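Each chain, letter by letter, is given below.
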Amino acid sequence: QNGVSTAGEPVRDPLAGPGPQQGLLPADRHPEGVQIAVIFGANILEHIFNLCRGDFDFLERLPESLLLYIISFLELEDIARLSQVSHRFKTICNSDTLWEKIVQNLCGAITPEMRALAQEVGWKQFFFTNKLQLQLQLRRRRQKQDDSKKSKTK
């Protein structure tokens, strides 16, 4: 079990340098580390080593609601860059929740008709669609609603 995770993979010592066989956890050097890796997995062990070194990513640990609030005030270029940082930030930066907040911050009042269209096409798409296209889509949407009301009354 020394230096092997529960998945049978060698456990790497995050404190050691790169190399094909360098960085494996020898039992005599980190016996507690091997036990942690075997019980909890190599990711937890790496996290513990990062904490000991002071390498702790506080942004990754923030709740999503707080990250959404903060990101909603960033410039568009910064949001695009942030979306490339990690899978979590990519998901948040492309979420309808974030783009709804951005639209609300920039537009102020959102009519029920605008909200319905944004939910139909997605808030990010809604944000990047120019004003003339939005007016055309809203007009088409109204026409469909009117047509369906007329067909129900007949």
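Parameters and conventions
- Counting of residues starts from 1 at the beginning of each chain's written sequence and follows it residue by residue.
- Predicted model: local features are reported for residues with pLDDT of at least 70 only, side-chain atom pairs are reported and counted for 80 or more only, and whole-chain, interface and lining totals are derived from all residues.
- Only hydrogens and water are removed before side-chain values are computed, so all heavy atoms of the structure are retained for them.
- Ring pairs shown here join Phe, Tyr and Trp side chains whose ring centres sit within 6.5 Å, with only the six-membered ring taken for Trp; geometry is labelled stacked below 30 degrees between planes, edge-to-face above 60, and tilted in between.
- Under the DSSP-based scheme used, a helix requires at least four consecutive residues in state H or I and a strand at least two consecutive residues in state E, with every element numbered from the N terminus.
- Buried, partly exposed and exposed residues are distinguished by accessible area as a fraction of the type maximum, computed with a 1.4 Å probe on protein chains only: under 20%, between the cut-offs, and over 50%, respectively.
- Note on contacts: a residue pair qualifies if any of its non-hydrogen atoms lie within 4.5 Å across the two residues.
- A carboxyl oxygen of Asp or Glu within 4 Å of a side-chain nitrogen of Lys or Arg is what we treat as a salt bridge.
- Each patch is built from salt-bridge-free residues with over 30% relative accessible area, joining like charges within 9 Å and nonpolar side chains (Val, Leu, Ile, Met, Phe, Trp, Tyr) within 5 Å.
- Note on areas: Shrake-Rupley with a 1.4 Å probe; residue coverage comes only from the protein chains shown.
- To estimate how far a helix should extend, the number of its residues minus one is multiplied by 1.5 Å.
- Here, the arc refers to the directions that run from the helix axis to the C-beta atoms.
- Fitted lines through C-alpha atoms give the axes, limited to the stretch in contact for helices. The angle between two N-to-C directions lies from 0 to 180 degrees.
- Should an angle lie under 35 degrees it is considered roughly parallel, over 145 roughly antiparallel, and from 65 to 115 roughly perpendicular; all remaining angles are considered oblique.
- Side-chain classes follow a simple rule in which Ala, Val, Leu, Ile, Met, Phe, Trp, Tyr, Cys and Pro form the nonpolar group, Asp, Glu, Lys and Arg form the charged group, and the remainder, Gly included, forms the polar group.

Going by what an unreviewed UniProt entry lists, the protein is known as F-box protein 36 and is assigned to Chelydra serpentina.

Asker: Teacher, can you tell me more about the packing of aromatic side chains here?
Answerer: Taken as a whole and assessed by the stated rule, the structure comprises five aromatic pairs. The interplanar angle of 45° and the centroid separation of 5.2 Å between the aromatic rings of Trp99 and Phe127 together place this pair among those described as tilted. Placement of the pair is Trp99 in helix H7 (residues 96-107) and Phe127 in helix H9 (residues 123-128), with a sequence separation of 28 residues. Taking relative accessible area as the criterion, Trp99 reaches 3% and is therefore assigned buried. Taken together, a centroid distance of 5.7 Å and an interplanar angle of 70° make the contact between Trp123 and Phe126 edge-to-face. Taken together, the residues Trp123 and Phe126, both in helix H9 and three residues apart, mark about one turn of the helix.

Asker: How should the environment of Glu64 be read in this particular structure?
Answerer: Mapping Glu64 onto the fold places it in helix H4 (residues 64-71). Spatially, the C-alpha atom of Glu64 lies 9.3 Å from that of Arg88, the residues being 24 residues apart in sequence. Not counting residues up to four positions away in its chain, the partners in contact with Glu64 are Arg88 and Ile92.

Asker: Mind showing me how you'd approach the pattern of salt bridges here?
Answerer: Enumeration over the complete set of coordinates arrives at four salt bridges. A salt bridge links Arg142 to Glu113; the shortest N-O distance between them is 2.6 Å. Residue Arg142 is located in helix H10 (residues 131-153), and its partner Glu113 is located in helix H8 (residues 112-121); the two are separated by 29 residues in the primary sequence. Take Glu113: its relative accessible area is 24%, and that puts it in the partly exposed class.

Asker: Explanation requested: a nonpolar patch on the surface in the structure shown.
Answerer: A cluster of nonpolar residues, Ile39, Phe40, Ile44 and Ile48, forms a patch on the protein surface that exposes about 390 Å² of accessible area. Among the elements of the structure, helix H1 (31-40) and helix H2 (42-53) are those that each provide at least two residues to the nonpolar patch. Relative to the elements of secondary structure, Ile39 occurs in helix H1.

Asker: Which parts of the structure should I look at to understand H10?
Answerer: Note on helix geometry: an α-helix contains 3.6 residues per turn, so any two residues three or four positions apart are oriented the same way. For H10, with 23 residues, the first-to-last C-alpha span of 33 Å sits near the 33 Å given by 1.5 Å per residue. Listed in full, the buried residues belonging to H10 are Leu134, Leu138 and Arg141. Buried residues along H10 sit against H8 and H9.

Asker: Quick question: what am I supposed to make of H7 here?
Answerer: Taking 1.5 Å of rise per residue, twelve residues should cover 16 Å, and H7 covers 16 Å from first to last C-alpha, within 8% of that figure. Where H7 is concerned, the buried positions are Leu98, Trp99, Ile102 and Val103. Taken around the axis of H7, the buried residues stretch over an arc of 135°, which confines them to a single face. Trailing H7 by a residue or two, Gly108 shows a phi angle of about 80°, which is positive.

Asker: Even after reading the chapter, I still don't get the packing of H8 against H10, so can you show me in this structure?
Answerer: One can describe the packing of H8 onto H10 by two numbers: an axis separation of 11 Å at closest approach and a directional angle of 100°. Put simply, H8 runs roughly perpendicular to H10. Contacts between H8 and H10 pair Glu113, Met114, Ala116, Leu117 and Glu120 from the former with Leu134, Gln137, Leu138, Arg141 and Arg142 from the latter. Partitioned by chemical class, the residues of the contact of H8 with H10 number five nonpolar, one polar and four charged.

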